[in-house]
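The chain contents come next:
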Amino acid sequence: MDDLPGSGADRAEPTGAAPPSPIPPGTPQPAETPPAPTYRWLWLLSILLIVGGLLTVGGVLGTGATLVPGGPSEPEIDRLRGLLLLSGAVALIGGLLVNAVRSIVVRRRLPERRYRGPSIVVMSLLAAILATGLSLLAGDDLLALAGGDSPSVAGSLLLLTVTQVVLLVISGVFVFLPRALAGARFLPERGALRGVVVALVLAAPAWLAAELVGVLVNLLLYALGMEFEPGVVEAAIDNVHPLVLAVALVVVAPVAEEVFFRGVVYNAWEREYGSRRALAGSALLFALIHGSIFVFVPIALLGLLLARLYQQTRSLPAVIALHAGFNAISLGLGLLVRYDIIQVPVPT
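(A) Spatial organisation of the packing of aromatic side chains. Scanning all chains against the criterion turns up six aromatic pairs. A centroid spacing of 5.3 Å and a plane angle of 80 degrees characterise the contact between F228 and F294, whose relative ring orientation is edge-to-face. A residue pair is termed long-range when its members are at least 10 positions apart, and F228 in the loop between α6 (192–223) and α7 (232–239) and F294 in helix α10 (residues 293–313) qualify at 66 residues. On the basis of relative accessible area, F228 is assigned to the partly exposed category, the value being 29%. Aromatic side chains Y266 and Y310 sit 5.7 Å apart centroid to centroid with 80 degrees between the ring planes, which places their arrangement in the edge-to-face category. A residue pair is termed long-range when its members are at least 10 positions apart, and Y266 in helix α8 (residues 242–273) and Y310 in helix α10 qualify at 44 residues. The exposure class assigned to Y266 is buried, which follows from its relative accessible area of 0%. Joined through ring pairs, the aromatic side chains of Y222, F228 and F294 make up one cluster. Against the face of F286 rests R262, its NZ or CZ located 4.6 Å from the ring centre.

(B) Representation of α7 in the model. Burial in α7 covers these residues: A235, A236, I237 and N239. Taken together, the buried residues of α7 touch α4 (139–146), α5 (153–176), α8 and α11 (316–338).

(C) Focus on α11. The first and last C-alpha atoms of α11 sit 32 Å apart over 23 residues, in line with the 33 Å expected at 1.5 Å per residue. A distance of 3.2 Å separates the backbone nitrogen of A318 from a side-chain oxygen at the start of α11, and that oxygen is part of S315. Immediately downstream of α11, the backbone of D340 shows phi near 60 degrees, a positive value.

(D) Highlighting the side chain of D141. Looking at where D141 falls in the secondary structure, it is placed in helix α4. R338 provides the closest opposite charge to the buried, salt-bridge-free D141, at an N-O distance of 13 Å. A distance of 2.7 Å separates a polar side-chain atom of D141 from the backbone nitrogen of S152. For D141, the contacting residues outside a window of four places in its chain are P151, S152, G155 and L159.

What counts and what doesn't
Residues numbered from 1 in each chain as written. Predicted model: local features only at pLDDT ≥ 70, side-chain atom pairs only at ≥ 80, totals over all residues. Heavy atoms only, no water. Phe/Tyr/Trp six-rings, centres within 6.5 Å; stacked < 30°, edge-to-face > 60°. Helix = DSSP H or I, 4+ residues; strand = E, 2+ residues; numbered from the N terminus. Buried < 20%, exposed > 50% of the residue type's maximum accessible area, 1.4 Å probe, protein only. Lys NZ or Arg CZ within 6 Å of the ring centre and 35° of its normal. Contact = heavy atoms within 4.5 Å. Expected span 1.5 Å × (residues − 1). Polar contact = N/O pair within 3.5 Å; in protein donor to acceptor, adjacent residues only side chain to side chain. Lys, Arg positive; Asp, Glu negative; His and termini not counted. Salt bridge = Lys/Arg side-chain N within 4 Å of Asp/Glu carboxyl O.

Any functional reading would require information that these geometric values do not contain.
Put into structure tokens, the structure is as follows:
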């Protein structure tokens with residue numbers, strides 16, 4: 001702080017006081033602390049790679065193979081499109097990785113009470129892109145699901161768990177290993193088992209409420225002329241082995257998604273923006289990653305409940321139990337419909 005008039009810095013020495021001792025010639029002066037590096041050039045590089053990758057991928061996906069007289073053949077155009085798509089994806093992933101690493105290096109000087117990891121948006125985009133790329137390894141199984149056929153066990157397990165596994169890996173590499181959330185609580189001080197039991201009890205009313213809201217949203221969208229198109233999960237419930245479905249939807253998904261959305265996203269945004277924004281933001285991101293307007297509202301409401309439960313208990317086991325119970329009810333009813341044990345009316 002600058003010295004203020006009358007604060008003592010502008011007053012004369014008291015009468016009779018000894019004059020200050022002169023500094024001997026040649027005494028080294030204390031060195032000024034250099035400013036902490038921000039590696040702004042890395043940030044600029046990441047932005048260029050991300051924007052360039054997005055433009056390249058968007059341009060390739062948005063244009064079809066156009067043949068002109070005397071121009072390249074259709075296979076050559078497809079090969080060129082494939083190379084452009086691959087180069088754009090590599091640039092995009094590289095830019096996101098550079099941005100994430102640079103954030104860890106720069107933010108590690110922040111106090112431990114702050115979030116010291118990469119942007120949540122950057123990590124979410126990276127997870128979505130990597131998961132999409134890895135799912136192509138099971139392209140034949142994806143086509144089988146789309147056509148109403150039964151995919152292989154390995155392929156269906158990959159398709160149903162790839163996003164969740166990628167979220168876990170990204171959380172570990174970019175948040176937990178560099179201690180970006182040092183001091184965050186993931187287990188309650190006491191009563192962990194009681195919290196799990198309470199969460200399991202809440203699963204049924206939470207599912208009923210979400211289902212009611214979902215029906216109302218679907219009726220509204222049907223009235224607006226929009227038709228529901230089954231996604232990978234809906235198609236999988238009709239065609240994938242029940243044991244694979246149970247592992248993917250009742251075990252892997254609740255664990256991985258709660259570690260990321262409540263363990264990482266909620267804690268990070270709570271430290272940076274406060275509990276209210278963390279509550280709403282983590283729920284909205286949770287709904288967005290499920291990727292369907294037909295389930296957005298009920299999934300967002302479920303996300304709010306999960307975030308509120310974590311906020312009150314600081315117990316990842318509790319929110320995992322609630323999420324697993326919710327998914328188990330959905331899966332159980334879906335299998336009952338699949339095997340014609342019960343029938344559900346469909347709006348027409």
